[in-house]
Amino acid sequence: MNVVFVITETAEEVLEMVSNDVAGLLEAVKGDSVSFPFGTFQYDCHTLDHYLVDGEYRQELVVYLRSASV
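Residues numbered from 1 in each chain as written. Predicted model: local features only at pLDDT ≥ 70, side-chain atom pairs only at ≥ 80, totals over all residues. Heavy atoms only, no water.

**Things to note about the nonpolar core**
For step 1, the next point in the chain: Counting 15 residues, the largest nonpolar core has Phe-5, Val-29, Phe-36, Val-63 and Leu-65 as its most contacted members.
For step 2, the next point in the chain: The set of elements that each furnish at least two residues to this core consists of β1 (2–7), α1 (22–29), β3 (34–36), β4 (39–53) and β5 (56–67).
For step 3, the next point in the chain: Considering each element in turn, this core owes the most residues, four residues, to α1.
For step 4, the next point in the chain: Setting aside residues up to four positions removed in sequence, Phe-36 forms contacts with Phe-5, Val-14, Leu-15, Phe-41 and Leu-65. (Core = buried A, V, L, I, M, F, W, Y, C linked by side-chain atoms within 4.5 Å. Buried < 20%, exposed > 50% of the residue type's maximum accessible area, 1.4 Å probe, protein only. Helix = DSSP H or I, 4+ residues; strand = E, 2+ residues; numbered from the N terminus. Contact = heavy atoms within 4.5 Å.)

**Points about the confidence of the model for the protein chain**
For step 1, the next point in the chain: Scored by pLDDT, the protein chain has a mean of 92; 97% of the residues are at 70 or more.
For step 2, the next point in the chain: Of all helices and strands in the protein chain, the one with the weakest mean pLDDT is β3 (90), whereas β1 scores best (95). (pLDDT = per-residue confidence, 0-100.)

**Focus on the pattern of salt bridges**
For step 1, the next point in the chain: Taken as a whole, this structure holds two salt bridges when the rule is applied.
For step 2, the next point in the chain: Asp-44 is the partner of Arg-66 in a salt bridge, and the nearest nitrogen-oxygen pair spans 3.9 Å. Within this pair, whereas Arg-66 is found in strand β5, its partner Asp-44 is found in strand β4, the two being separated by 22 residues in sequence.
For step 3, the next point in the chain: The exposure class assigned to Arg-66 is partly exposed, which follows from its relative accessible area of 33%. (Salt bridge = Lys/Arg side-chain N within 4 Å of Asp/Glu carboxyl O.)

Pasting the structure below:
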């Protein structure tokens, strides 16, 4: 499934990836923090979006992150 990480405050997409273990990925990001080379963030919420591409239904998990108070 396609997974996109978005900063809640700015709506900036910071990472797009494909994962076969969406439940494990969600458990991991709900931990203490998520680190990228440009900062540390905390899980805010997520949505599961459904859309149609060339007659085929697809799903995309969008994970929203907020700035971590480190």
